[in-house]
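A look at the structure
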Amino acid sequence: MNNEKRKLSPEQHEEILGTLKVRFEKNMNRHKELEWSKLQAKLETNTEKLWSLHEMERTGGEPDVIVHDDKSDEYIFYDCSAESPKGRRSVCYDREALESRKANKPQNNAIDMATDMGIEILTEEQYRELQKLGNFDLKSSSWVKTPANIRKLGGAIFCDHRYDTIFVYHNGAESYYAARGFRGSLRI
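The present account deals with the structure reproduced in this document. Just so you know, these numbers come straight off a predicted model, no measurement behind them. (Residues numbered from 1 in each chain as written. Predicted model: local features only at pLDDT ≥ 70, side-chain atom pairs only at ≥ 80, totals over all residues. Heavy atoms only, no water.)

1. What to know about the overall build of the protein chain
Stated formally: Numbering of helices and strands runs from the N terminus; a helix is a DSSP stretch of H or I covering at least four residues, while a strand is a stretch of E covering at least two. In this description the radius of gyration comes from C-alpha coordinates, and the expected globular size is given by 2.2 Å times residues to the power 0.38. Three labels apply to residues, based on accessible area from a 1.4 Å probe with only protein chains included: buried if under 20% of the type maximum, exposed if over 50%, partly exposed otherwise in between. For the purpose of charge, His is not counted, nor are the chain termini; Lys and Arg are scored as positive and Asp and Glu as negative. Every charge is mapped onto a representative atom, which is NZ of Lys, CZ of Arg, CG of Asp or CD of Glu.
A tally of helices and strands in the protein chain yields seven helices and eight strands. Taken over the C-alpha trace, the protein chain has a radius of gyration of 17 Å; the compact-globule value for 188 residues is 16 Å, and the two agree within 12%. Counting only C-alpha atoms and orienting by the principal axes, one finds that the protein chain spans roughly 50 × 40 × 30 Å. When the 188 residues of the protein chain are sorted by exposure, 46% land in the buried category. Between the mean site of the 30 positive side-chain charges and the mean site of the 32 negative ones, the protein chain shows a separation of 5 Å.

2. A closer look at the sheet that holds strand β6 (residues 165-172)
Put simply, the rule is: Note: two strands are recorded as paired if DSSP finds a minimum of 2 bridges between them. For every element, the axis is a line fit to its C-alpha atoms; helices are fit only across the contacting stretch, and the angle between N-to-C directions ranges from 0 to 180 degrees. Whether two residues touch is decided by their heavy atoms; if any such pair falls within 4.5 Å, the residues are in contact.
Read across the open sheet, the four strands follow the order β6-β5-β4-β7; overall the sheet is mixed. The sheet terminates laterally at β6 and β7 (180-182), the two strands that pair on one side only. Here the strands of the sheet are splayed against their neighbours by 35° on average, with no regard to which way each runs. Inspection of the sheet shows strand β4 (residues 141-144) paired to β7 by three bridges, in the parallel sense. Paired with Trp 143 across the two strands is Phe 182, which belongs to β7. Sheet strands in contact with helix α6 (residues 124-131) are β4, β5 (155-162) and β6, and its direction is about 10° off that of β5.

3. Things to note about unusual backbone geometry
Residue Asp 73 is not a glycine yet carries a positive backbone phi of 55°. Within the secondary structure layout, Asp 73 lies in the loop between β1 (63-69) and β2 (74-79). Residue classification places Asp 73 among the partly exposed positions, given a relative accessible area of 42%.

4. Observations regarding the pairing of strand β8 (residues 184-187)
Where β2 and β8 come together, three bridges link them in antiparallel fashion. Paired with Ile 76 across the two strands is Arg 187, which belongs to β8. With two bridges connecting them, strand β3 (residues 120-121) and β8 associate as antiparallel partners. Its bridge partner lying in β8, Ile 121 is registered against Gly 184.

5. Looking at the sheet that holds β8
Taking strand neighbours across the sheet as the criterion, the four strands line up as β1-β2-β8-β3 in an open arrangement whose pairing is antiparallel. This sheet does not close on itself; its edge strands, each paired only once, are β1 and β3.

6. Details of the side chain of Ser 84
Within the secondary structure, Ser 84 is located in the loop between β2 and α4 (95-100). Given the relative accessible area of 1%, Ser 84 is considered buried. Beyond its immediate sequence surroundings of up to four residues, Ser 84 is in contact with Arg 89, Asp 137, Ser 140, Ser 141, Ser 142, Arg 180, Gly 181, Phe 182 and Arg 183.

As structure tokens, then:
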């Protein structure tokens, strides 16, 4: 994507910073050891990443920082919306799956959407980490990064949280459902 398109207006810049600050302060259980001022300084110098956070927010992901990676000095954000982000649902897994559909094609696919937004789709491990911070996807489900051997055979995996348990399932990668989207992560 053209880098010119990955710029926020001054109003959008202030709006996303304000939204992130309110969410940060409201959900300290997700990041007990972190300080907003240090995070804000990092956000201010990474305008393209701030654009990605704006896209996560715009599509319903409610991004929040969940940890600071001391080795890389990066903050890691996950989509923390209660359910799979509404603006990213009814999508199949990837472009190959989308192109394989003969009829009733969805509008998009999870992998291309994540790439266009500048984020990574959560892995199963990251999904399980997210679930330690709250109860997510009690009514929806989320595609997660699928191992190459499963994808090569035409499948893709997704997760949800039911009956106090995190479930990992499979579907044909070309499948899509109104209650299935994807969650992303972003390192800043």
